[in-house]
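Results of the structural survey
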Amino acid sequence: MIRVHILGSAAGGGLPQWNCACANCVAARTGKIVPQTQSSIAISGDAQNFRGWFLINASPDLPEQIESTPHLQPHRDSPRNTPVSGVLLTNADIDHALGLLLLRQQETPLIIYATDETRAALAWIERELARFCGIEWRNVSANFQTLSDGLAFRAIQLPQSLAFQFRDDTSGGTALCAPSVGELTKELRNAINSSDLVIFDGTFWSDGELAAVRPGARTAHEMNHLPISNGSLDLLRQSPARRKIYTHINNTNPILMPGTPERAQVEQAGIEIARDELEVSL
Ligand SMILES: [Zn+2]
Ligand SMILES: [Zn+2]
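Our subject in this report is the structure included herewith. (Residues numbered from 1 in each chain as written. Chains lettered and ligands numbered in written order. Predicted model: local features only at pLDDT ≥ 70, side-chain atom pairs only at ≥ 80, totals over all residues. Heavy atoms only, no water.)

As a further point, take the overall build of the protein chain. Of regular secondary structure, the protein chain possesses 10 helices and 14 strands. Expected size for 282 residues packed as a compact globule is a radius of gyration near 19 Å; at 18 Å, the protein chain falls within 12% of this value. In terms of its C-alpha atoms, the protein chain occupies a principal-axis envelope of roughly 50 × 40 × 35 Å. The buried share among the 282 residues of the protein chain stands at 55%. Counting only contacts in the protein chain whose residues sit at least 6 apart along the sequence, the fraction spanning at least 24 positions is 64%. Carbon and sulfur atoms form 49% of the exposed surface of the protein chain, whose accessible area is close to 12,500 Å². The distance from the centre of the 23 positive side-chain charges to the centre of the 30 negative ones in the protein chain is 2 Å. (Helix = DSSP H or I, 4+ residues; strand = E, 2+ residues; numbered from the N terminus. Rg over C-alpha atoms; globule rule 2.2 N^0.38 Å. Buried < 20%, exposed > 50% of the residue type's maximum accessible area, 1.4 Å probe, protein only. Contact = heavy atoms within 4.5 Å. Areas by Shrake-Rupley, 256 points an atom, 1.4 Å probe, with all protein chains shown as cover. Lys, Arg positive; Asp, Glu negative; His and termini not counted. Charge placed at Lys NZ, Arg CZ, Asp CG, Glu CD.)

A cis amide bond links L15 with the next residue in sequence, P16, at an omega value of -5°. Structurally, P16 is set in the loop between strand 1 (3–8) and helix 1 (23–29). Phi angles above zero are rare outside glycine, and N224 is one such case at about 65°. Here N224 shows up in the loop between helix 8 (209–213) and helix 9 (228–238). Taking relative accessible area as the criterion, N224 reaches 13% and is therefore assigned buried. Not every positive phi belongs to a glycine, and N230 is a case in point at roughly 55°. Along the chain, N230 falls in helix 9.

Let's shift gears to the coordination of the zinc ion (ligand 2). Taken together, the protein donors to the zinc ion (ligand 2) comprise C20 (SG), C22 (SG), C25 (SG) and N251 (OD1), at separations of 2.2 to 2.3 Å. Coordination at the zinc ion (ligand 2) is tetrahedral: its four donor atoms span angles of 103 to 116° at the metal. Donor residues for the zinc ion (ligand 2), ordered by position in the chain, follow C-x1-C-x2-C-x225-N. Here C20 is found in the loop between strand 1 and helix 1, whereas its partner N251 is found in the loop between strand 12 (243–247) and helix 10 (261–268), with 231 residues between them in sequence. Looking at C20, the relative accessible area reads 10%, which means it is buried. (Donors = N, O, S within 2.8 Å, 3.2 Å for Na, K, Ca; no water. Tetrahedral: all angles 85-135°; square planar, octahedral: opposite > 155°, others 65-115°.)

Okay, the sheet that holds strand 1 next. Within the open sheet, the seven strands sit side by side as 6-5-4-3-2-1-14. Their pairing is mixed. Pairing within the sheet leaves two strands with one partner each, and these edge strands are strand 6 (135–138) and strand 14 (279–281). With direction set aside, neighbouring strand axes in the sheet form an average angle of 25°. By the bridge criterion, two bridges tie strand 4 (residues 84–88) to strand 5 (residues 110–113) in an arrangement that is parallel. (Pairing = 2+ DSSP bridges. Axes fitted to C-alpha atoms, helices over the stretch in contact; angles between N-to-C directions.)

Across the sheet, seven strands lie side by side as 7-8-9-10-11-12-13; this open sheet has mixed pairing. Looking at the sheet topology across the chains shown, the edges are occupied by strand 7 (145–148) and strand 13 (272–273). Pairing of strand 9 (residues 161–168) with strand 10 (residues 174–178), which is carried by four bridges, proceeds in the antiparallel orientation. Counterpart to F164 in the pairing with strand 10 is C177. Across the face of the sheet, helix 9 comes into contact with strand 11 (197–201) and strand 12 while running at roughly 160° to strand 12.

As a further point, take the packing of aromatic side chains. Two measures describe an aromatic ring pair: the distance that separates the ring centres and the angle between the ring planes. With the rule as written, the count across this model stands at five aromatic pairs. Seen from their ring centres, F54 and Y113 are 6.4 Å apart, and the 65° between their planes marks the pair as edge-to-face. On the criterion of sequence distance, the pair formed by F54 in strand 3 (residues 53–56) and Y113 in strand 5 is long-range, its members being 59 residues apart. Classification of Y113 as buried rests on a relative accessible area of 3%. With a centroid separation of 5.1 Å and an interplanar angle of 80°, the aromatic rings of Y113 and F153 are classed as edge-to-face. Of the two residues, Y113 is situated in strand 5 and F153 in strand 8 (residues 151–158); the sequence distance between them amounts to 40 residues. Using a relative accessible area of 0% as the deciding quantity, one classes F153 as buried. An aromatic cluster is defined as three or more aromatic residues linked by ring pairs; in this entry it consists of F54, Y113, F153, F164 and F166. (Phe/Tyr/Trp six-rings, centres within 6.5 Å; stacked < 30°, edge-to-face > 60°.)

Here the focus is the pattern of salt bridges. Counted under the stated rule, the structure contains nine salt bridges. With its nearest N and O atoms 3.9 Å apart, the salt bridge here joins E126 to R119. A relative accessible area of 36% means that R119 is categorised as partly exposed. One salt bridge connects E267 with R263, and the closest N-O pair in it is separated by 3.2 Å. With a gap of four residues between them, E267 and R263 both fall in helix 10, about one helical turn apart. (Salt bridge = Lys/Arg side-chain N within 4 Å of Asp/Glu carboxyl O.)

Below is the structure:
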């Protein structure tokens, strides 16, 4: 059995973002929509007691996310321990990596699966952590490798990021976690069509969305995020996956606001919109 917790469903900056007065950020501040923390996913394949959790990206909001997720909290049988076994990084973006610094107090080196490029870009974090627990870097592979008891995973290389596909060895259930997608490669398409659960990059609805709030801002494509509209929507609609969920949603994205036509299109396509603390088992 695979269990997944969405720890944070917002893109970098969160919802609301400290310096943003877009419609969604204002709505989140005034209680019209629920605030969301920055993107991270926890996954476990331990059907017995769900020890052995891995994080897909470690956001700056990690302490708060752990405190709102009992599965990730230390057990009371010893004074210092954690069910968090390691971290898988999609890339070196600051909203995916800052949480690593918050894991520094552990006694054994922090296990991190990442590409050599990500590792090189995070040399500054590695230097800081060397004074505390240190890092044990692990390589990723395009073929399935064991992550923990009963759970295997593989990395799908995308332009400037990775997606991860997980497989439960007992049930054969598969989950695709792709919170940072710049391009629909053939391999990613195959994974979308061969997974029971698809958690996908929902950062932007449209390519020019950010420029509408902040003139001169880069497009979604320039920020290495495939927009939903004219991007991932049709493919996800057609995917046979049992559950399809958009996450890593930027605070400017109209799908966050109930009643918008954009949100209706996503819902009509059979795709869910992630929220913090959403839990999925398969
Ligand atoms: Zn991000
Ligand atoms: Zn905003």
